Amino acid sequence: MAERSFEREVQDLKLGAGEIFRGEGILAITKALLQSGVAYVGGYQGSPISHLMDVLADAKDVMQDLGVHFETSASEAAAAAMLSASVMYPVRGAVTWKSTAGTNVASDALSNLSSGGVIGGALIVIGEDFGEGSSIMQERSHAFAMKSQIWLLDPRPNLPSIVKAVEDGFELSEASSTPVMLQVRIRACHVHGQFVAKDNQKPKHTLREALENPVRDVNRIVLPPANYLHEKDKLERRWPAAVEFVKQRKLNELFGPGEGEIGIVMLGGMYNSVMRALQQLGLADVYGCSLVPLYVMNVAYPLIDDELVAFCSGKTAVLMVEEGAPDYIEQALNTILCRRDIQTRVSGKDVLPMGGEYTAPVMLKGIREFISVHARTLLRNQPPVPDPTPVLNDPKIKALAKVVPPRPPGFCIGCPERPIFAAMKLVEKELGPHHVSADIGCHLFSILPPFNIGGTTMGYGLGPASASAFNVEAGKRAIAVMGDGGFWHNGLASSVGNAVFNKQDGVILVVDNYYSAATGGQDIMSSRALNPHRKTNNSIVKAVKGIGVEWVRQIDHTYDVAKMRDTLREALTTREKGPKVIVASSECMLNKQRRVRPQFLKAVKNGERVVKQRFGVDEDVCTGDHACIRLSGCPSLSVKHTDDPLKDDPVAAIDNNCVGCGNCGEVSEAAVLCPSFYRADIIHNPNWWDRFVHRMRGAVIGWLQRRREARRIVFAE
Amino acid sequence: MGGQGGGVLTDWIVALAEAQGFAAQSTSVPGVAQRTGATIYYIEMLPPRDGVAPILSLMPTPGDVDVVIAAEMMEAGRSILRGLVTPDKTVVIASTHRSFAVSEKEVPGDGTGDPRAVVDAADFAAKRTIAFDMEALALENGSVISAALFGALAAAAVLPFDRSAFEATIRAAGRGAEASLRAFDAAYARARDKPRDDVAAVPRKRLDPLPDFAGHPSLDRLVGRIRAEFPDVAHGLLFAGVKRLVDFQDVAYANEYLDRLGALVVRDREHGGAADGFAFTVAAAKYVAVAMAYDDVIRVADLKVRGARFARVRAEVGAKADQIVYTTEYLHPRMDEVCGTLPKRLGQWIEDRPRLFAALDRLVNRGRRMRTGTVVWFASLYLVSGLRGMRRGTLRHYRERLHREAWLGAATGLLSSNYDLAVEALKCRRLVKGYSDTHARGQSKFDRVMAALPLLAGRQDGADWLRRLCQAALMDEEGLALDGALKTVATL
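Attention in this report is confined to the structure presented alongside it.

Scoring rules and cut-offs
- Along every chain, residues carry numbers that run from 1 in the direction the sequence is written.
- Just so you know, chain letters begin at A and ligand numbers begin at 1, following the order they were written in.
- Note on the predicted model: pLDDT of at least 70 is required for a residue's local features to be given, and 80 or more for side-chain atom pairs to be given and counted; whole-chain, interface and lining totals, by contrast, use all residues.
- Working definition: helices are DSSP H or I runs of at least four residues, strands are E runs of at least two. Numbering for both runs from the N terminus.
- Contact between two residues is assigned whenever their backbone-derived C-beta positions fall within 7 Å.
- Atoms counted for the radius of gyration: C-alpha only. Globule rule: 2.2 Å times the number of residues to the power 0.38.
- Remark: C-beta atoms are placed from the backbone, and a residue is labelled buried if 20 or more other C-beta atoms sit within 10 Å of its own, exposed if 12 or fewer do, or partly exposed between those counts.
- By the convention used here, strands pair only if DSSP detects at least 2 bridges between them.
- A clockwise path from the first strand over the helix to the second, with the strands pointing away from the viewer, defines a right-handed crossover.
- Three classes are used: nonpolar for Ala, Val, Leu, Ile, Met, Phe, Trp, Tyr, Cys and Pro, charged for Asp, Glu, Lys and Arg, and polar for all others, with Gly counted as polar.
- Note on method: axes are straight lines fitted to C-alpha atoms, helices fitted across the in-contact stretch only, with angles between N-to-C directions ranging 0 to 180 degrees.
- In a left-handed crossing the near helix is turned counterclockwise from the far helix by less than a right angle, and in a right-handed crossing that turn is clockwise.
- For a helix, the expected span equals 1.5 Å multiplied by the residue count minus one.
- Note on bend: the value at a residue is the angle between axes fitted to the seven residues ending there and to the seven starting there.

1. A word on the overall build of chain A
Item 1. Scanning chain A for helices and strands turns up 26 helices and 24 strands.
Item 2. Overall size of chain A, expressed as C-alpha extent along the three principal axes, is 100 × 70 × 60 Å.
Item 3. A sequence separation of at least 24 residues applies to 79% of the contacts in chain A between residues at least 6 apart.

So this is what it looks like as structure tokens:
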């Protein structure tokens, strides 16, 4: 169950011809898939494409009506392999994941898929996680397209263009027997816009028909000698077919005047930023009229040599705008022009930066430099461009930089992973620091303050594998952390199996929060919820035992910091050899609250007796050392300045967002911190017995309190 | 837009613009996945021309932004640093409340950023600023901050839409519309009437004037002593100290405090304190009170069982009249604390026998969750707090006294040679705080800083150096910054 309900968005998937779809880019893609008569969809969740998966998971009735099969793939590799259904049968399929991380995982299947080629349209929607807001290494997915010969679409970042790219993509795939990747960047995935919908289409050829009428053709399988034939077929038939299709259908677009001294060649995804820069230079207006000829490559790969040659011929120079390194297209463009002896100068990464996101100022600077070298006269009537530098150079603003703190991501309020790392901190204080290999997932935030735990991250499900070299005699053991998502994605075999087989003498900590939490709370194998469409509740402990781990400990309540600490200590010090696996399980608090809070509010409304817990700090008792915060980092546990003239430092304070997870109390108890924390149990709708007991207790306690107050001589407040 | 509530606000603004015939486009960039990193939202809107939709950018151009909305003070600062706020164009709408970053909270001292720097910067960089505590205002109206920000945006009159169009947008969104409209109205009115809050770095410390009548003859005598024996400038802190110590122990203990301060003020006068505004006496008034009201088991128990505390907890957790509240305290007493609370000789006798101490520690040393609202737990804490009468005879009291006198002796000894350094030496007491290990760590930092005194005594700038040492000691838990600073001092 995803953390958000997509009920409303599911309604958008039902829109018919002529109706206006309003919403996010990634949801427009989802709708476009259905409009294209897709027969099956798979994928692995991850920013920025999680919503595509989430909506389809919630859209069972729509999918059923259309006869579309939707699968939550175990990994990107599984998703890519799923496309093999389109190899022998004319069924359209689409898969999605976050790239380049996911494309890396999928690349084995992708190579095999593209070698044999497809009959049914095969579309891979990749969320290009590049630039600001990205959470992964900065690489281009472009390389995969080139090396495996998969076509790559990079449409202009508006909903109609993106939707059209999906529809074109399937046709291109079928016309050239080649899988097609559709790349959308973070901002485009989250862009809000609108397009005119079409009716959804049932698949022309269904999976059922395929299953009941199996086809096989040895020549389509990657085995010698067919693999050599594939290479030939790719280069001699499929490539020209694709080029022809792109040309004929005019997938790439020309804007601006037909002739010009200079021109700009850009990937579709760069179009809006280029237009904004031209507008600021006085060379375009906001409605798309440009004084500079523009060639917009909605197809990033393959290049259409003829179109490029036609565009560049007669111009003194063109600017190639592609984001990220290396400058594949610029190099190719140079080769194309060079081979035909065309003297147009190609500019690109000489005026634009090699790496990093092409933000508005970067784009503006690059384009201005290009034009000022090659067509200076164009800039004659240049309006003043927006320039914040005088402001930024002022001492007042410079002083601000020292004051404004960075805001790194961290664990949510009440996160069950917090106590795990608090316990690890405590063990570290006893046994000294250890080498800690981290994985991918929420737990990775332990690397940041206040925990500062974790040395490396090598990929999803690879945490323990990345500690495998440290399997030597030493006074300390390596610790590897892996989430439940990573565990099922790849970790069981690549990390745990690897550790068992190689008798790895380290500690493997599996953080089990019942969901693929970092990507939005999707169900996975070991989720505890009952999901009618998936088989959940598969035990991680059974899995690791089944694969041969002998030393396994299950902790069912991660908030028990003392137990967590003791178990970790045992794992690090036991004489037993081989991998020591600790499975620490508690439900992701974000998802738990989404599940529990409505129930709680309903119960309160119905007059039922319910107890809400939250924590607080006695500020008189708190001395303002903040040791508790260094073992927590909870957004709800903060500091506040007091008006007490005898206190210099701000005291700890807990705000109303506290969910009463228990970490504050457990940590202050286990770490022997201080007695300032209290837990308040607030009984809503108390019954007569509650009220009676409370009255009795109140009578005794109140009498004692009054007795003392009467004897005490103090200043009035 | 940055900060909490940006998603809802973005949806509202886009819906508003579209309802008014504009083409609107929003994008967002989540700060690492969808978790607690700050998500930034960006909106562009423009009417279409002859049916042609405008081409809108997916990211802001620094220097080309009309409105910046920050749902938190430092978020506004971040926008300014990104160059999004310029004097020719940008209206800044910011909530002045703070939500502290981890780097601000985790510091053992005070690591919070000064919001006045943001105000100064905004005043310089923005065309106009609307800044008040919209979070509090939203809460007062039973809503969330997005509604208040939307109200402030309407009042700012930067978007070419009527107030009624804003309200219609909220109504159309449905859920919680009533509360949202209340917060919207309140923020609208507030942004019109008083668009700016005064922002202070920290709230003012409460220094009460000396009362004419304190309600009891013995208290009146204490107040009388402050008035008669001490310079005016120290009265506020002395009164705070006296109040704390009467509360901590009794009237006699407060008198002891005044006696001790009396001796110090004499020395202060001898060394020309009058010319320095009695800085030594003022610092002593504060820190001697803090030192004398040390945090022991008796005090913790005393604070936990008070009637006023029960009422305060109810208020803090927002309990309604018909709800019942029970608190659970998380205490972890060790044998150290028990020995400290025993009569001096008995406590020492046990401490001198490590095996006995360890055996007893095994009995005592564990976390105890005390339900203060139940009779048995309350009674036990009540009994412990009742040990107040015996406090002066405890081992802890004896040790605190020794430590205090050594510290005061060292500081007083510096008066003749280096007055400023003597004052700073008093202020070093700030380093001693917390309980158990934390207390020990604070104590050791204090000791290390004080050990540098001989190196600094002869230096004109000794006080500055000592202040730097103190600041360094409060920067991190392990004292790494302090180590570095001490090395520097050693090389002077």
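On we go from here.
2. Looking at the overall build of chain B
Item 1. Summing up its helical and strand segments, chain B has 24 helices and seven strands in all.
Item 2. For chain B, the C-alpha radius of gyration of 29 Å lies well beyond 23 Å, the compact-globule estimate for 492 residues.
Item 3. Along the first, second and third principal axes, the C-alpha atoms of chain B reach 95 × 60 × 50 Å.
Item 4. Looking at chain B residue by residue over its 492 residues, the buried ones come to 50%.
Item 5. Pairs at least 24 residues apart make up 67% of the contacts formed inside chain B by residues separated by at least 6 positions.

3. What about the pairing of strand β20 (residues 580–585) of chain A?
All names here are of chain A.
Item 1. Burial analysis of β20 places six of its six residues in the buried class, which makes it a mostly covered element.
Item 2. Residue alternation in β20 divides its side chains into two sets, K580, I582 and A584 and V581, V583 and S585, and both sets are buried.
Item 3. As paired elements, strand β18 (residues 507–512) and β20 share six bridges and run parallel to each other. When the sheet's bridge partners are listed, V507 is paired in β20 with K580.
Item 4. Both strand β19 (residues 551–555) and β20 contribute to a ladder of five bridges, which runs parallel. In the sheet register, W551 faces β20, and the bridge partner there is K580.
Item 5. Between the parallel elements β19 and β20, the chain passes through helix α22 (residues 561–573) in a crossover that is right-handed.

4. Points about the environment of A:H192
Item 1. Its place among the elements puts A:H192 in strand β8 (residues 192–196).
Item 2. Judged by the 23 C-beta atoms lying within 10 Å of it, A:H192 is buried.
Item 3. Setting aside chain neighbours within four positions, we find A:H192 in contact with A:G23, A:E24, B:V14, B:Q25 and B:S26.

5. Quick notes on the interface of chain A and chain B
Item 1. Contacts between the two partners involve 99 residues from chain A, matched on the other side by 115 residues from chain B.
Item 2. Broken down by class, the residue content of the side of chain A that touches chain B amounts to 53 nonpolar, 25 polar and 21 charged.
Item 3. Sheet topology note: the strand β24 (residues 677–684) of chain A/strand β6 (residues 324–331) of chain B ladder contains six bridges and is antiparallel. Among the inter-strand pairings, A:Y678 is bridged to a residue of β6(B), identified as B:E329.

6. Remarks on helix α2 (residues 25–35) of chain A
All names here are of chain A.
Item 1. Counted residue by residue, α2 has 10 buried out of 11 residues, so it is predominantly covered.
Item 2. Of the residues making up α2, those classed as buried are G25, I26, L27, A28, I29, T30, K31, A32, L33 and L34.
Item 3. Phi for G37, located one or two positions after α2, is positive at around 70 degrees.

7. Things to note about the packing of helix α1 (residues 6–19) of chain B against helix α7 (residues 163–173) of chain B
Residue and element names in this part refer to chain B.
Item 1. Look at α1 against α7: their axes get within 9 Å of each other, and the N-to-C directions meet at 115 degrees. Here α1 runs over α7; the crossing is right-handed. Where α1 approaches α7, its residues W12, A15, L16 and A19 are matched on the opposing element by A165, F166, T169, I170, A172 and A173.
Item 2. Considering only residue class, the contact of α1 with α7 consists of nine nonpolar, one polar and no charged.

8. Regarding the sheet that holds strand β3 (residues 69–70) of chain A
Residue and element names in this part refer to chain A.
Item 1. In space, the seven strands of this open sheet follow the order β3-β2-β4-β5-β7-β6-β12, with mixed pairing throughout. The open sheet has two free edges, formed respectively by β3 and β12 (299–301), since each of these has just one partner strand.
Item 2. Here strand β6 (residues 151–153) runs beside strand β7 (residues 180–185); their pairing, made up of three bridges, is parallel. The residue bridging L153 from the neighbouring strand is L182, located in β7.

9. Digging into helix α20 (residues 484–501) of chain A
Residue and element names in this part refer to chain A.
Item 1. Relative to the 26 Å expected for 18 residues at 1.5 Å per residue, α20 spans just 21 Å between its end C-alpha atoms, considerably shorter than the ideal helical length.
Item 2. The axis of α20 is deflected most strongly, by about 90 degrees, at G491.
Item 3. Most of α20 is tucked away, with 13 of its 18 residues classed as buried.
Item 4. Positive phi appears at K503, one or two residues downstream of α20, with a value of about 50 degrees.

10. What about unusual backbone geometry?
Residues and elements named next belong to chain A.
Item 1. Residue S99 is joined to T100 through a cis peptide bond whose omega torsion reads 10 degrees.
Item 2. With respect to the secondary-structure elements, T100 resides in the loop between β4 (93–99) and α7 (101–116).
Item 3. With omega at -5 degrees, the peptide bond leading from A325 into P326 counts as cis.
Item 4. Among the structural elements, P326 can be located in the loop between β13 (317–321) and α15 (328–339).
Item 5. One non-glycine residue, D341, lies in positive phi territory at about 55 degrees.
Item 6. Residue N452 is not a glycine yet carries a positive backbone phi of 55 degrees.
Item 7. In this fold, N452 is placed in the loop between β15 (436–438) and β16 (456–457).

11. Brief notes about the sheet that holds strand β3 (residues 67–70) of chain B
All names here are of chain B.
Item 1. On the basis of which strands lie adjacent, the open sheet formed by three strands has the order β3-β4-β5 and parallel pairing. Edge positions in the sheet fall to β3 and β5 (128–132), since each has one partner strand and no second. Going from strand to strand, the sheet's axes swing by 10 degrees on average, the running direction of each strand aside.
Item 2. In terms of strand pairing, β3 meets strand β4 (residues 91–95) through four bridges, oriented parallel.

12. Looking at the environment of A:G660
Residue and element names in this part refer to chain A.
Item 1. Relative to the assigned elements, G660 resides in the loop between β23 (651–654) and α25 (663–670).
Item 2. Exposure remark for G660: the 20 C-beta atoms within 10 Å place this residue in the buried category.
Item 3. As for G660 and I413, which are separated by 247 residues in sequence, their C-alpha atoms are 9.3 Å apart.

13. A word on the pairing of β7(A)
One face of the sheet, then the other: side chains in a regular strand alternate in exactly this way.
Residue and element names in this part refer to chain A.
Item 1. Judged by how many residues are buried, β7 sits mostly within the fold: six of six residues are covered.
Item 2. Where burial is concerned, the two faces of β7 agree: the one with V180, L182 and V184 and the one with M181, Q183 and R185 are both buried.
Item 3. Relative to β7, strand β5 (residues 122–128) runs parallel, the two being bridged by six bridges. Its bridge partner being in β7, E128 is matched across the sheet by R185.
Item 4. In this fold, the crossover linking β6 to β7 by way of helix α9 (residues 159–176) has right-handed handedness.

Everything listed here is a matter of coordinates, which is why it stays silent on function.
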